[in-house]
Amino acid sequence: MKNIQKLLVMCKEYDLTGKEILENYTIGELEKIYNGAGPDSWIPLARDILTAMMDLFAPLILIHDVQFFESDGSESGFQKTVNDWKINSDKIFRADYPLCTWKILSASYRRKRLYWLGVKTASDLAIQTPSARTAWQSAHQKNQTERSPK
């Protein structure tokens, strides 16, 4: 179940870049926009699995979904979305899994940190691929179609 209110709080606590975009929507609207990690073209089960694997980064996924919902199809808009993702994944990772901590002495902490670093690195790369750019442009086309007067 989506807990948008919790994600909004986390966006503020982490001071995520681009969180201001969320202020334009009600909780109900955000619940409709937020579909988790992965492109809209994926089946919900695939997105659910990826979202669960990326749960640490759920707040930035919310921002990202809204950015795609508002896609203008431009290269500059896409680059801003990519940059926001990278900045935010770094903020969350550094806040939850810092290198300079006594926890680093724990093998369990190091394993979790390595897992999240892998997820962060893979998602940072995936978000800027040509297929991600195509999804950005497709989101714009979908917006134009759905929001145009009939």
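Since the structure is predicted, the reported quantities are computational estimates derived from the model, not experimental observations.

Caption draft 1: Inspection of a nonpolar patch on the surface at higher detail. On the surface, a nonpolar cluster with roughly 510 Å² of combined accessible area is contributed by I43, L45, I49, M53 and Y115. Looking at the nonpolar patch, the element that brings in the most residues is helix α3 (residues 44–53), giving three residues. Take M53: its relative accessible area is 43%, and that puts it in the partly exposed class.

Caption draft 2: Main features of the packing of aromatic side chains. For the coordinates displayed, the defined rule picks out six aromatic pairs. Centre to centre, the rings of F78 and W136 are 6.3 Å apart; their planes meet at 55 degrees, and the pair counts as tilted. With a gap of 58 residues between them, F78 in helix α5 (residues 75–96) and W136 in helix α7 (residues 130–147) connect regions that are remote in the sequence. Accessibility assignment for this pair places F78 and W136 in one class, buried. For the pair Y97 and Y109, a centre-to-centre distance of 5.5 Å together with 35 degrees between the ring planes defines the contact as tilted. Of this pair, Y97 sits in the loop between α5 and α6 (107–126) while Y109 is found in helix α6, placing the two residues twelve residues apart along the sequence. For the pair Y97 and Y109, a shared accessibility class is recorded, and that class is buried. Put simply, the rings of F57, Y115 and W116 pair up and form one aromatic cluster.

Parameters and conventions
- Residues numbered from 1 in each chain as written.
- Predicted model: local features only at pLDDT ≥ 70, side-chain atom pairs only at ≥ 80, totals over all residues.
- Heavy atoms only, no water.
- Patch = residues over 30% accessible without salt bridge, like charges linked within 9 Å, V, L, I, M, F, W, Y side chains within 5 Å.
- Areas by Shrake-Rupley, 256 points an atom, 1.4 Å probe, with all protein chains shown as cover.
- Salt bridge = Lys/Arg side-chain N within 4 Å of Asp/Glu carboxyl O.
- Helix = DSSP H or I, 4+ residues; strand = E, 2+ residues; numbered from the N terminus.
- Buried < 20%, exposed > 50% of the residue type's maximum accessible area, 1.4 Å probe, protein only.
- Phe/Tyr/Trp six-rings, centres within 6.5 Å; stacked < 30°, edge-to-face > 60°.

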